[in-house]
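Residue-level structure breakdown
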Amino acid sequence: MRINQYIASAGVCSRRKADELIEEKRVKVNGEVLTSPGYHVEDGDVVEVDGVNVEPASKKVYYLLNKPTGYVTSTADKEGRPLVTELVPDSVRVFPVGRLDLNTSGLLILTNDGDLSNKLMHPSHGFNKRYLVRAQGIIGRREAEWLEKGVNIGDFVTSPAEVHLLKHDRNSTVCEIIIHEGKNRQVRRMFKAIGHPVLELSRTGLGDLTIGKLATGQCRKLSPAEVEYLKRV
Ligand code: URA
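Each chain carries its own residue numbering, running from 1 in the written order of its sequence. Where local features are concerned, this predicted model is filtered to residues with pLDDT of at least 70; where side-chain atom pairs are given and counted, the filter is 80 or more; whole-chain, interface and lining totals use all residues. Note: side-chain values were computed over all heavy atoms of the structure, leaving out hydrogens and water.

A short note on the pattern of salt bridges
Just so we agree on the cut-off: By definition here, a salt bridge exists when the distance from a side-chain nitrogen of Lys or Arg to a carboxyl oxygen of Asp or Glu is within 4 Å. Secondary structure is summarised from DSSP: a helix means a run of H or I of at least four residues, a strand means a run of E of at least two, and numbering begins at the N terminus for each.
Inspection of every chain in the model, using the stated rule, returns 14 salt bridges. The salt bridge involving Glu 24 is made with Arg 26; its shortest N-O contact spans 2.7 Å. The residue Arg 130 makes a salt bridge to Glu 176 at a minimum N-O spacing of 3.3 Å. With Arg 130 in strand E8 (residues 129–136) and Glu 176 in strand E10 (residues 172–179), the pair connects residues that are 46 residues apart, well separated along the chain.

Here you go:
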């Protein structure tokens, strides 16, 4: 098994992140710092990440978390801020699939299944992502249509989206937006591009999965049917 897959299946992080760890010289095999990202782990090899032995976990676990704002979507943080992984009550190590910004709340999947994580993060997976947004100012149908048709967010023109205007007060608008991509800070950049910066952002759905009544900071295990659904799509 390739080293990045081995590390991911141990529940340390995603394969992509494992490649970064290797590049940062944080991975050792049999006591030697690994220099080849293509290394294949052999029976009997001892693999360490940051000095800690890692072994693939046989039991796969899948959680859905309602992430609070102020938590970092990562398994470690140099600034010592709270981590989403601290909200999962399992002795098995898990890592987040994809990313929500520090100030975004809502639905986040955590697992130790590197293959599923890889699949979900691939741009072709086609899941829609549903967000509840409170944005500055009053957004009308015309501006909502700009978001729906696609806006230039700097390095990228977004593909068609769906926007439902829900309510507004004198200073802000609440709406739901459904997108199919996952560029870095995409929703915030889309609303900024139409002149209505995001004030609050929460992910409420991922494909057929919804946050439902799960309280902020709480997580639950995905049902076998939900796991099957994610693997199938
Ligand atoms: N889009 C954003 O701007 N931020 C997130 O956290 C998720 C999607």
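So, next bit.
Regarding the site of the ligand
Test applied: Residues are classed as near a molecule or strand on a simple rule: at least one heavy atom within 4 Å of it. Here a polar contact is recorded for every N or O atom pair within 3.5 Å, except that within protein the pair must consist of a potential hydrogen donor and a potential acceptor, and residues adjacent in sequence are included only if both atoms are side-chain atoms. What sets the accessible areas is the Shrake-Rupley method with a 1.4 Å probe; for residues, cover comes only from the shown protein chains.
Near the ligand you find Leu 100, Asp 101, Thr 104, Tyr 131, Arg 185, Gln 186, Val 187, Arg 188 and Leu 201, and these make up its full shell. In this structure, an oxygen atom belonging to the ligand sits 2.9 Å away from a side-chain N or O atom of Thr 104. Gln 186 places a polar main-chain atom, nitrogen or oxygen, 3.5 Å from an oxygen atom of the ligand. Within the complex, the protein chains bury 95% of what would otherwise be the 240 Å² of accessible surface of the ligand.

Some remarks on the pairing of E10
Applicable threshold: Accessible area is worked out with a 1.4 Å probe on protein chains only. A residue is then buried under 20% of its type maximum, exposed over 50%, and partly exposed in between. Whether two strands pair comes down to DSSP finding at least two bridges between them.
Across the 8 residues that make up E10, a large majority, 8, are buried. In this structure, E8 lies alongside E10, joined through 8 bridges in antiparallel fashion. Paired with Arg 130 across the strands is Ile 178, a residue of E10. Summarising the sheet, strand E9 (residues 162–168) and E10 pair through 6 bridges and their orientation is antiparallel. Bridging across to E10, His 168 finds its partner in Thr 173. Linking E9 to E10, which pair antiparallel, is a turn of 3 residues.

Remarks on the packing of aromatic side chains
To keep it simple, the criterion reads: Only the six-membered ring of Trp is used, alongside the rings of Phe and Tyr, when aromatic pairs are assigned; centres must lie within 6.5 Å, and planes under 30 degrees apart are stacked while those over 60 apart are edge-to-face, with the rest tilted. Placement of a positive charge over a ring is assigned whenever Lys NZ or Arg CZ falls within 6 Å of the ring centre and within 35 degrees of the normal to the ring plane.
Per the stated rule, a full pass over the model turns up 1 aromatic pair. Between Phe 127 and Tyr 229, the aromatic rings sit 5.8 Å apart at their centres with planes inclined by 70 degrees, giving edge-to-face as the arrangement. Residue Phe 127 is located in the loop between helix H3 (114–121) and E8, and its partner Tyr 229 is located in helix H6 (residues 224–232); the two are separated by 102 residues in the primary sequence. For Phe 127, a relative accessible area of 2% puts it in the buried group. Positioned over the ring face of Phe 156 is Lys 183, at 4.5 Å from the centre of the ring.

Digging into the domain arrangement of the protein chain
Inclusion rule: The start and end points of each domain follow an automatic or database-based domain assignment. Defined here as a combined quantity, buried area equals the accessible surface (1.4 Å probe) lost by two parts on assembly, summed across both. When residues are sorted by character, Ala, Val, Leu, Ile, Met, Phe, Trp, Tyr, Cys and Pro go into the nonpolar class, Asp, Glu, Lys and Arg into the charged class, and all the rest, Gly among them, into the polar class.
Domain boundaries in the protein chain define domain 1 (3–53), domain 2 (62–123 + 209–232) and domain 3 (129–206). Computed from C-alpha coordinates alone, the two centres of domain 2 and domain 3 are separated by 23 Å. A buried area of about 960 Å², summed over both sides, lies between domain 2 and domain 3, and 40% of it is on carbon and sulfur atoms. Remark: the boundary between domain 2 and domain 3 carries 2 salt bridges. Two residues, Asp 101 and Arg 188, come together in a salt bridge whose shortest N-O distance is 2.8 Å. If you look at where domain 2 meets domain 3, you find 11 residue pairs in polar contact (both at pLDDT 80 or more). Counting only elements with at least two residues in the side of domain 2 that touches domain 3, the list comes to strand E7 (104–111) and strand E12 (209–210). Among the elements that make up the side of domain 2 that touches domain 3, the one with the highest residue count is E7 (6 residues). The residue inventory of the side of domain 2 that touches domain 3, partitioned by class, reads 6 nonpolar, 5 polar and 2 charged.

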